[in-house]
4 protein chains.
Amino acid sequence: MSASLKGIRLAVIGGDDRELFLIPELEKLGAYIVGVGFEKAAPINGLNHASSLIEAVKQADVLLFPMYGTDERGVIKAKYANYPIVLDREVLQAISPHVPLIIGWARPALKSAAEMMGIRVIETAFLDEVAILNSIPSAEGAISMAMDSSVITIHGSQSFVLGLGRNGWTIARTLKGMGAQVTGVARKPADIARATEMGINALHFSDLEKEIGRADFIFNTVPQLILDKVLLEQVSKDAVIVDIASIPGGTDFEYAQLLGIKAMLAPGLPGIVAPKSAAKILAQVYPQLILRHLNTIMNTSIRLEVEVRRNEI
Amino acid sequence: MSASLKGIRLAVIGGDDRELFLIPELEKLGAYIVGVGFEKAAPINGLNHASSLIEAVKQADVLLFPMYGTDERGVIKAKYANYPIVLDREVLQAISPHVPLIIGWARPALKSAAEMMGIRVIETAFLDEVAILNSIPSAEGAISMAMDSSVITIHGSQSFVLGLGRNGWTIARTLKGMGAQVTGVARKPADIARATEMGINALHFSDLEKEIGRADFIFNTVPQLILDKVLLEQVSKDAVIVDIASIPGGTDFEYAQLLGIKAMLAPGLPGIVAPKSAAKILAQVYPQLILRHLNTIMNTSIRLEVEVRRNEI
Amino acid sequence: MSASLKGIRLAVIGGDDRELFLIPELEKLGAYIVGVGFEKAAPINGLNHASSLIEAVKQADVLLFPMYGTDERGVIKAKYANYPIVLDREVLQAISPHVPLIIGWARPALKSAAEMMGIRVIETAFLDEVAILNSIPSAEGAISMAMDSSVITIHGSQSFVLGLGRNGWTIARTLKGMGAQVTGVARKPADIARATEMGINALHFSDLEKEIGRADFIFNTVPQLILDKVLLEQVSKDAVIVDIASIPGGTDFEYAQLLGIKAMLAPGLPGIVAPKSAAKILAQVYPQLILRHLNTIMNTSIRLEVEVRRNEI
Amino acid sequence: MSASLKGIRLAVIGGDDRELFLIPELEKLGAYIVGVGFEKAAPINGLNHASSLIEAVKQADVLLFPMYGTDERGVIKAKYANYPIVLDREVLQAISPHVPLIIGWARPALKSAAEMMGIRVIETAFLDEVAILNSIPSAEGAISMAMDSSVITIHGSQSFVLGLGRNGWTIARTLKGMGAQVTGVARKPADIARATEMGINALHFSDLEKEIGRADFIFNTVPQLILDKVLLEQVSKDAVIVDIASIPGGTDFEYAQLLGIKAMLAPGLPGIVAPKSAAKILAQVYPQLILRHLNTIMNTSIRLEVEVRRNEI
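Residues numbered from 1 in each chain as written. Chains lettered and ligands numbered in written order. Predicted model: local features only at pLDDT ≥ 70, side-chain atom pairs only at ≥ 80, totals over all residues. Heavy atoms only, no water.

Visitor: Explain the packing of aromatic side chains here, please?
Guide: Geometry of an aromatic ring pair is reported as the spacing of the ring centres plus the angle between the planes. In total, this model carries 12 aromatic pairs over all chains according to the counting rule given. Grouping aromatic residues by their ring pairs yields a cluster made of A:Y68, A:W105 and A:F126. (Phe/Tyr/Trp six-rings, centres within 6.5 Å; stacked < 30°, edge-to-face > 60°.)

Shown next as structure tokens:
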């Protein structure tokens, strides 16, 4: 199924539990892997530790940065690093032309710097194949949180899903599979119609205020302030809100707390609740991204080098 | 739910069994309905027969043509008409400005004539809310045909759905709900990923040739020649093909027959298998279309007349 | 999975389309098959025609009679026979001791005659593994009939299933999988509770009269007069009744007709709608039945003969 | 739906979080409720505290003991009691004739003592309507525990359910609804066949040893040592075992630990994971039990007293 990565040198830079499962998968496909930021992890099959980010970058044909990229100061998310790993100008300058930088979300500053320096940045979090498959661990994590916080079962509950996008559909379908009475809230006629077809009670956002009162569970996926004061006033005190929209979520959490409504912000669930499944998704997508990239850099020295190494082994 | 049509005069022109159920629904919403082409039907609640198309057109604020529109000579599909009803230049000229012509599919000739004459044509077959909801009777009709033609059950069968669009998803989900092993065949990574999430075995069209051999049932939804000679050669002689793509379908039917494979073309199922459900869909969508149109023609004489009539009653 | 039938001689006597698929399956497992009553069928792989029932009986270690057994005069159901095949006293006397008579339903007369003559009759229609698996083609057949007779879709319909037994559960689950609003009608608290768990609206028979009025589809599985005049009076004129209980069904069909309600009796669907699937069920169950029987007749001459033949081949 | 309890005095004795939700429900149905063992709980609507068990017993027409009854020394499970409540001989002697003792599980000693003293004990844990509906919170709790302990998703996992009884079916159906590949392990042909019908991979216990190796999640429901050393040797080190059979479960937990396999015993989940849903189940069942009991004690003084009170209010 997955393509061979024979002869390709990958630098895996930081990340979370996902990378612990991802590295052996990529190694099995034939890649040579150098990593930085795994000092505190248990030994990982197929990983060659680099002494610094610069050193890792210099050795690689492809750079794999974590799903959550960097913080505003350029520090790379690296759960198992002993010291901060910083993606600064010096490092960027050390990246050879034609070496792609694969990353989940890239901050605007990184994107503009990379563009100026001719570095190809590939953001994976927006790829449908990553985002939709990642919606599965997200949905399970969100539902698990909802179960842990409630005194009732999902089965038979009134469960509202705000937003029928990549995450919303998966949450809605899973809840329905568990026996909940699911209401999907959307705006587009296509989504309203599809929800009806799937046996999900379809509701337009404009009718949410008058219906939300019967919700036992509310799952928000929309990265805008949806559950504002006005809506929260209608929500039952016994309801549980799980918000998986990216930070800061779509809920007025302070006001929810004031009203005594349980509300939790839970972005980034895949790497936490099911790192192995999340790693498997990346292990399916990365090789194809990498090979597609190599095909676009025909006749370059990198490609020739890779070819040589592929034939050697 | 549905908006009031009080004071609005609708001309319903031809159609099939759907219109028999649609007319009473629209009448219940308050519309005055004049119809043409229902001479052979049993009496229909709320219908006022017009003596000719011209006469009907002259009385109406909105014209409702059938889903299947006209044939290449302008003859309107009208299952219950005693004589051919023709949409010709004379009729078009009789249509007042601001009177919209609502129709399923409009032929290019009709569209260009209407544009020249300033007539607003609203095609409904392409509206998501119509097409997705119509996919339900289509899917049931296609599956029912497949069952009638086969010596095995849907449950436990290998069922392939070619194309995961508005119809494909519905067929796939219904088959899965009945216990089939469903393979969804698509091209877009988003569709492949979503199929996986839904528990549908996802297949890229490029791998179809080597997998199709295990299919018991094949449902085609793609309006292009997909099941060509090369693919049909791989299909089991016991398989059943149901093709619901619009005429001429996506199957080389002659070659299938030559190979002894059962293959059926079945476009336009909603009006045949479940006219009442299909009418209900239209009865949900039309009022909103009509009212939205009336809002766009503010301050016109038609709108004023309608307002007067709405207040009178 | 299936056990070997090597060295075992089976007589297949009459039947319907199922047997056309069953015989090659049994032959593949190694059985030698002699058949009677297939003169009008196309050639069947692995079948050796016997000239008469007596001749077939004399050659066999095991007798396979059809699912529907015999009529009241002893005539064996045999769709592809050129002449009536009668199971009379002479034939019964020709059956050697230890040769089991496997049959779907045996009439009381046959059972008592067999008992007197020391013939082991194995009725398969009451075996859970046969009855539950047969419920799948039955359910699909019943639903297909309902679809053909209705102007609405199963999806979104109010569908009632009377009796939650081996057939009822399957019909209910399939309808739910297709998107119907399913009401399961039962008496036992266990069934009511299980229906609730499965997302099926549970109803006690004592409440049926006041609820039946909202049914679009009614599937009866109870072999007693359930849909009597009193209940039928409450049923909508647009409803469709499919009764799969054994003849005469559980519906007052005459009264239904009088009221203008569509009602169909449809027993014995598996052999009609999906003979190949139904044959596969029997091909799974018969070998185990046969081998279990052979193990119970240890040290008899038949068993020894079979063993010799098994080793020879 | 639920019957009126007007005029009936109930003693609720101990219990867990369920009783906090159960008491207000029963009070809403009209019962007068006296409770013992709720000193540490927040105020409960409709509860009148008794100063001792004896006092509570003396005031009541019906006694409601907790689901988990008493320990071996007669101490009643009472999460919110300030001091141990003991069901001793003195208390039993204080129970009037015709006052039923409703309890989840009664120990043999209690049952024999009650029988000798003519006290009617009604065990509810074995009632299908309680056990099957309780299987819903049990299943959700077990699945939630499995999710919390695993690095993979339920979706796409190989999940084994050992035992297809009241709990097993619910776990299997829920897992399937979440997208797992479910294998149901059973012994009875009826269960094997039904699993097949439901789209669950059916496996006989005799084949478990050779199949268990591929399981990611194993849910045991059988109260016998099923997962013994021999089977555990075959289980993947990455698998997660959740055992919901009553104590001591069906797993050799020590050996599992030795092998490094995560295994958890989790009996009694309903009252822990979803006390409100579990209370709702009891609130549906108890009124019917109570009224049925009252009907059996026609013409007794208790019944007459209740009738008088019912009319008074």
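Here the narrative resumes.
Visitor: How should I be thinking about the interface of chain C and chain B in this particular structure?
Guide: A common way to express how large an interface is: the accessible area buried when the components associate. Listed as interface residues are 23 residues of chain C and, on the opposing side, 23 residues of chain B. The largest share of the area that chain C buries against chain B comes from C:E140, C:V151 and C:T153, three residues that together contribute 27% of it. Viewed at the interface, chain B and chain C are joined by 2 salt bridges. Across the salt bridge formed by B:D238 and C:K276, the nearest N and O atoms sit 3.6 Å from each other. The interface formed by chain C and chain B includes 12 residue pairs in polar contact (both at pLDDT 80 or more). For the side of chain C that touches chain B, the secondary structure elements donating two or more residues are α5 (128–148), α6 (166–177) and α12 (275–296) of chain C. With 6 residues, the top contributor of residues to the side of chain C that touches chain B is α5(C). Across the side of chain C that touches chain B, the residue classes break down as 11 nonpolar, 7 polar and 5 charged. (Contact = heavy atoms within 4.5 Å. Buried area = accessible area lost by both parts, 1.4 Å probe. Salt bridge = Lys/Arg side-chain N within 4 Å of Asp/Glu carboxyl O. Polar contact = N/O pair within 3.5 Å; in protein donor to acceptor, adjacent residues only side chain to side chain. Helix = DSSP H or I, 4+ residues; strand = E, 2+ residues; numbered from the N terminus. Nonpolar A, V, L, I, M, F, W, Y, C, P; charged D, E, K, R; others polar.)

Visitor: So what exactly am I meant to see when it comes to the sheet that holds strand β8 (residues 181–186) of chain B here?
Guide: Two pairing modes exist for strands in a sheet, parallel and antiparallel, and in both the strands are linked by backbone hydrogen bonds. All names here are of chain B. Read across the open sheet, the 6 strands follow the order β9-β8-β7-β10-β11-β12; overall the sheet is parallel. Because the sheet does not close on itself, it has two edges, and the strands there are β9 (201–204) and β12 (262–265). Strand after strand, the sheet turns through a mean of 20 degrees between neighbouring axes, direction not considered. Sheet topology note: the strand β7 (residues 158–162)/strand β10 (residues 217–220) ladder contains 4 bridges and is parallel. The partner of F160 across the bridge, within β10, is I218. Strands in contact with helix α6 (residues 166–177) are β7, β8 and β10; relative to β7, the strand with the most contacts, it is inclined by about 165 degrees. (Pairing = 2+ DSSP bridges. Axes fitted to C-alpha atoms, helices over the stretch in contact; angles between N-to-C directions.)

Visitor: For this particular structure, what's the right way to read the domain arrangement of chain A?
Guide: Residue and element names in this part refer to chain A. Split by domain assignment, chain A resolves into domain 1 (9–124 + 275–312) and domain 2 (129–271). Computed from C-alpha atoms alone, the centre-to-centre distance between domain 1 and domain 2 is 34 Å. Listed per partner, the contact involves 13 residues of domain 1 and 8 residues of domain 2. Counting the surface domain 1 buries against domain 2, the share from its top three residues, Y68, I281 and V285, is 44%. Inspection of the domain 1/domain 2 interface yields 0 salt bridges. Summed over the shared surface of domain 1 and domain 2, the number is 0 residue pairs in polar contact (both at pLDDT 80 or more). When residues of the side of domain 1 that touches domain 2 are traced back to their parent elements, those giving at least two are α1 (17–28) and α12 (275–296). Considering each element in turn, the side of domain 1 that touches domain 2 owes the most residues, 7 residues, to α12. Taken together, the residues of the side of domain 1 that touches domain 2 break down into 7 nonpolar, 2 polar and 4 charged. (Domains from an automatic or database assignment.)

Visitor: Can you help me understand the pattern of salt bridges in this one?
Guide: Where side chains of opposite charge bring their charged atoms close, a pairing between them can arise. With the rule as written, the count across this model stands at 56 salt bridges over all chains. When the shortest N-O distance is used, the salt bridge between B:R173 and A:E197 registers 2.4 Å. Placement of B:R173 in helix α6 and of A:E197 in helix α7 (residues 189–197) is noted, with the two residues assigned to different chains. Note on B:R173: relative accessible area 14%, which makes it buried. For A:E197, a relative accessible area of 1% translates into the label buried. Because the salt bridges share partners, they merge into one network encompassing A:R173, B:R194 and B:E197. (Buried < 20%, exposed > 50% of the residue type's maximum accessible area, 1.4 Å probe, protein only.)

Visitor: Explain the relation of the copies chain B and chain A to me, please; I cannot follow it from the model alone.
Guide: Two copies of the chain are present, and they differ by a rotation about an axis and a shift along that axis. Expressed as a screw operation, the relation of chain B to chain A combines 0.0 Å of axial shift with a rotation of 180 degrees, fitting to an RMSD of 0.0 Å. Classification of the inter-copy transformation places it as that of a two-fold axis. Looking at chain B, 100% of its interface residues are interface residues in chain A too, so the copies touch through the same face. (Least-squares fit on C-alpha atoms with pLDDT ≥ 70 in both.)

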